[in-house]
Amino acid sequence: KAGVTQTPRYLIKTRGQQVTLSCSPISGHRSVSWYQQTPGQGLQFLFEYFSETQRNKGNFPGRFSGRQFSNSRSEMNVSTLELGDSALYLCASSTTVESTDTQYFGPGTRLTVL
Amino acid sequence: QKEVEQDPGPLSVPEGAIVSLNCTYSNSAFQYFMWYRQYSRKGPELLMYTYSSGNKEDGRFTAQVDKSSKYISLFIRDSQPSDSATYLCALNSGGYQKVTFGTGTKLQVIP
């Protein structure tokens, strides 16, 4: 079974631009979560989607948004990029939203904002 | 104060050593405790999962949870160079997949 895939793997943008990242979960998984990973803050929860609905949201500004499609694929969008948005963005999928379900992470998208 | 505190290391040990990795947390609502391993340029992968105080063993790995002290540990016995990675503790209060991670401890096992 294929793992979680994320595209693109690397991205370079300039301040003020916007960016869209994509995540394809493991087949059969309906929950997708997004995390931001930086050296100083570690992994921080952005949001979680299940059946095309956002179920939970972390403490990030409204510039960060996401959506999930009927095939469970998910995208996250960051508008008006800031230097501090440079990070590794990780997507994780699980069968359901239950805490006891294992999350499987993708390799991440490395975003650099210049 | 962060909800979860984890010593970032780096921690360098000789091959065969016993490694102890620790996290402390402040939110007593956390009920589920996990340890992830992350190799360079890869996403985290789940190593251990537990939801009760006490020990859980899986091969060379033992996860320990002390809810009264709000302290969790991961022990690695007979450490191998392939164990060199960043280890992240992760906690969940239940209900949804909103996981709070520690900042990670970088471990290097020297042959």
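Here, every reference points to the structure presented above.
Residues numbered from 1 in each chain as written. Chains lettered and ligands numbered in written order. Predicted model: local features only at pLDDT ≥ 70, side-chain atom pairs only at ≥ 80, totals over all residues. Heavy atoms only, no water.

Trainee: Help me understand the overall build of chain B, please; the structure alone is not making it clear to me.
Mentor: Scanning chain B for helices and strands turns up zero helices and eleven strands. Taken over C-alpha atoms, the radius of gyration comes to 13 Å for chain B, in line with the 13 Å a tight globule of 111 residues would show. In terms of overall dimensions, chain B has a C-alpha envelope of 40 × 30 × 25 Å along the principal axes. When burial is assessed residue by residue, chain B has 42% of its 111 residues classed as buried. (Helix = DSSP H or I, 4+ residues; strand = E, 2+ residues; numbered from the N terminus. Rg over C-alpha atoms; globule rule 2.2 N^0.38 Å. Buried < 20%, exposed > 50% of the residue type's maximum accessible area, 1.4 Å probe, protein only.)

Trainee: When you look at the sheet that holds strand β7 (residues 61-66) of chain B in this model, what are you seeing that I'm missing?
Mentor: Whether parallel or antiparallel, the strands of a sheet pair through hydrogen bonds between backbone atoms. Residue and element names in this part refer to chain B. Spatially, β1-β3-β8-β7-β6 is the arrangement adopted by the five strands of the open sheet, whose pairing is antiparallel. The outermost strands of the open sheet, each flanked by one partner alone, are β1 (4-6) and β6 (54-58). Neighbour to neighbour, the strand axes of the sheet diverge by 15 degrees on average, direction disregarded. Looking at chain direction, β7 and strand β8 (residues 71-76) are connected through six bridges and run antiparallel. By the bridge assignment, A63 is partnered in β8 with L74. (Pairing = 2+ DSSP bridges. Axes fitted to C-alpha atoms, helices over the stretch in contact; angles between N-to-C directions.)

Trainee: Hey, could you run me through the side chain of H29(A) in this one?
Mentor: All names here are of chain A. As for its placement among the helices and strands, H29 is situated in the loop between β3 (19-24) and β4 (31-38). In terms of polar contacts, H29 uses its side chain to reach the side chain of S93, at 2.8 Å. At 3.4 Å, the side chain of H29 forms a polar contact with the backbone nitrogen of S94. (Polar contact = N/O pair within 3.5 Å; in protein donor to acceptor, adjacent residues only side chain to side chain.)

Trainee: Explanation requested: the state of the cysteines in the structure shown.
Mentor: The bond known as a disulfide is covalent and runs between the sulfur atoms of two cysteines. For the structure shown, the criterion picks out two disulfides over all chains. The disulfide that involves C23(A) links it to C91(A), with 1.7 Å between the sulfurs. Residues C23(A) and C91(A) share a disulfide whose torsion about the S-S bond is about -50 degrees; that sign makes it left-handed. One end of the pair, C23(A), is in strand β3; the other, C91(A), is in strand β9 (residues 87-94), and 68 residues separate them in sequence. Of the residues examined, C23(A) reaches a relative accessible area of 0% and is grouped as buried. On the accessibility criterion, C91(A) (0% relative accessible area) is buried. Across a sulfur-sulfur distance of 2.0 Å, C23(B) and C89(B) are joined as a disulfide pair. One quick way to see it: the torsion about the S-S bond of C23(B) and C89(B) is about -100 degrees, and its sign makes the bridge left-handed. Here C23(B) is found in strand β3 (residues 19-25), whereas its partner C89(B) is found in strand β9 (residues 85-92), with 66 residues between them in sequence. The pair formed by C23(B) and C89(B) is uniform in burial state, with each residue classed as buried. (Disulfide = S-S within 2.5 Å.)

Trainee: Whenever I open this one, the interface of chain A and chain B confuses me. Can you help?
Mentor: Size of an interface, as often reported, equals the accessible area lost when the parts are brought together. Counting residues at the interface gives 29 residues for chain A and 20 residues for chain B. Surface buried jointly by chain A and chain B totals about 1,900 Å² across both partners, of which 51% is contributed by carbon and sulfur atoms. Taken together, the links from chain A to chain B amount to zero salt bridges. Inspection of the region where chain A meets chain B yields two residue pairs in polar contact (both at pLDDT 80 or more). Counting residues per element, the ones that place at least two in the side of chain A that touches chain B are β4, β5 (42-50), β6 (53-57) and β9 of chain A. (Contact = heavy atoms within 4.5 Å. Buried area = accessible area lost by both parts, 1.4 Å probe. Salt bridge = Lys/Arg side-chain N within 4 Å of Asp/Glu carboxyl O.)

Trainee: Would you mind showing me how to read the packing of aromatic side chains here?
Mentor: By convention here, two paired aromatic rings are described through the distance between centres and the angle between planes. Residues and elements named next belong to chain B. Evaluated as defined, the whole model comprises twelve aromatic pairs over all chains. Arranged with centres 5.5 Å apart and planes meeting at 40 degrees, the rings of Y25 and F33 form a pair that is tilted. Owing to a relative accessible area of 7%, Y25 belongs among the buried residues under this scheme. (Phe/Tyr/Trp six-rings, centres within 6.5 Å; stacked < 30°, edge-to-face > 60°.)

Trainee: Could you clarify how one ought to interpret the sheet that holds β3(A) in this entry?
Mentor: Residue and element names in this part refer to chain A. The strand order across the open sheet built from four strands is β1-β3-β8-β7, with neighbouring strands paired in antiparallel fashion. The outermost strands of the open sheet, each flanked by one partner alone, are β1 (5-7) and β7 (64-68). Taking each pair of neighbouring strands and ignoring which way they run, the sheet shows an average axis angle of 20 degrees. Alignment of β1 against β3, held across three bridges, turns out to be antiparallel. Bridged to Q6 within β3 is C23.

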